[in-house]
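# Reading the structure
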Amino acid sequence: MNLSNLKPAEGSTKTRKRIGRGPGSGLGGTSTRGHKGAKSRSGYKKKIGFEGGQMPIQRRLPKFGFKNINRVEYKAINISTLQQMAETQQLTKIGVNELIEAGFISTSQLVKILGNGSLTAKLEVEAHAFSKNAEAAIQAAGGTVVKL
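Below is a short write-up of the structure. Please read all numbers here as calculations on a predicted model, not as lab measurements.

The rules behind the values
- Residues numbered from 1 in each chain as written.
- Predicted model: local features only at pLDDT ≥ 70, side-chain atom pairs only at ≥ 80, totals over all residues.
- Heavy atoms only, no water.
- Helix = DSSP H or I, 4+ residues; strand = E, 2+ residues; numbered from the N terminus.
- Rg over C-alpha atoms; globule rule 2.2 N^0.38 Å.
- Buried < 20%, exposed > 50% of the residue type's maximum accessible area, 1.4 Å probe, protein only.
- Contact = heavy atoms within 4.5 Å.
- Lys, Arg positive; Asp, Glu negative; His and termini not counted.
- Charge placed at Lys NZ, Arg CZ, Asp CG, Glu CD.
- Core = buried A, V, L, I, M, F, W, Y, C linked by side-chain atoms within 4.5 Å.
- Patch = residues over 30% accessible without salt bridge, like charges linked within 9 Å, V, L, I, M, F, W, Y side chains within 5 Å.
- Areas by Shrake-Rupley, 256 points an atom, 1.4 Å probe, with all protein chains shown as cover.
- Salt bridge = Lys/Arg side-chain N within 4 Å of Asp/Glu carboxyl O.

In terms of helices and strands, the protein carries four helices and six strands. Mapped in sequence order, the helices and strands of the protein form the string α-β-α-β-α-β-β-β-α-β. Relative to a compact globule of 148 residues, whose C-alpha radius of gyration would be 15 Å, the protein shows 34 Å and is clearly more extended. Sorting the 148 residues of the protein into buried and exposed places 20% on the buried side. In the protein, of all internal contacts separated by at least 6 residues, the share reaching a separation of at least 24 is 40%. Put simply, the protein has 24 plus and 9 minus side-chain charges, and the middle of one group is 30 Å from the middle of the other.

In structure tokens, the structure reads:
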């Protein structure tokens, strides 16, 4: 056996239907498009969601939900992350600049410190917002909280 002997499996290939090749083919004339109507014309494209003139589902269903235009988006940082940073880099003060240098946030992001994890290091933490748990944990460890 070699590459010249290979054939596709029986029944796996079919010849395509060649339409519009004259009346002798049996598929001439209207070329399987039927008579008249938009679908028989050249250049016909159905719009996405078009239902033949019936009111489309995206217009029948009611709108729902609410998007607050005044929402303030924060990047969440846990106190376990702060503890890890303090241990590895021997820090006593962690602010926005330190978090940017460590790659946790970008320059345009606001930071919120969350209370997940445990904190043993005495830290001065600067951030835009703090959860109640995080604030309590930082102060319990002897640190200070600075809101920007």
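After that view of the structure, there is still more to cover.
This part is about the nonpolar core. Residues Leu82, Leu99, Ile113 and Leu123 are the most contacted members of the largest nonpolar core, which totals 19 residues. Among the secondary structure elements, those contributing two or more residues to this core are α2 (79–89), α3 (96–102), β3 (110–114), β4 (124–127) and α4 (132–140). Broken down by element, the residue count for this core peaks at four residues, all from α2. Excluding its chain neighbours within four sequence positions, the residues that come into contact with Leu123 are Leu82, Ala86, Leu91, Thr92, Ile94, Ile138, Gly143 and Thr144.

On to a nonpolar patch on the surface. On the surface, Met1, Leu3 and Leu6 cluster together into a nonpolar patch covering about 450 Å² of accessible area. By secondary structure assignment, the location of Leu3 is in the segment before α1 (57–60). Residue class for Leu3 comes out exposed when judged on its relative accessible area of 74%.

Side chains that differ in sign of charge can pair as their charged atoms come close. Evaluation of the coordinates by the stated rule reveals four salt bridges. In this structure, Lys93 and Glu126 form a salt bridge, with 3.5 Å as the shortest nitrogen-oxygen distance. Here Lys93, found in strand β2 (residues 93–94), pairs with Glu126, found in strand β4; they are 33 residues apart in sequence, far enough to count as distant. Judged by its relative accessible area of 33%, Lys93 falls in the partly exposed class. Where Lys147 meets Glu135, a salt bridge forms, and the shortest distance between an N and an O atom there is 3.9 Å. Placement of Lys147 in strand β6 (residues 144–147) and of Glu135 in helix α4 is noted, with a sequence separation of 12 residues between them.

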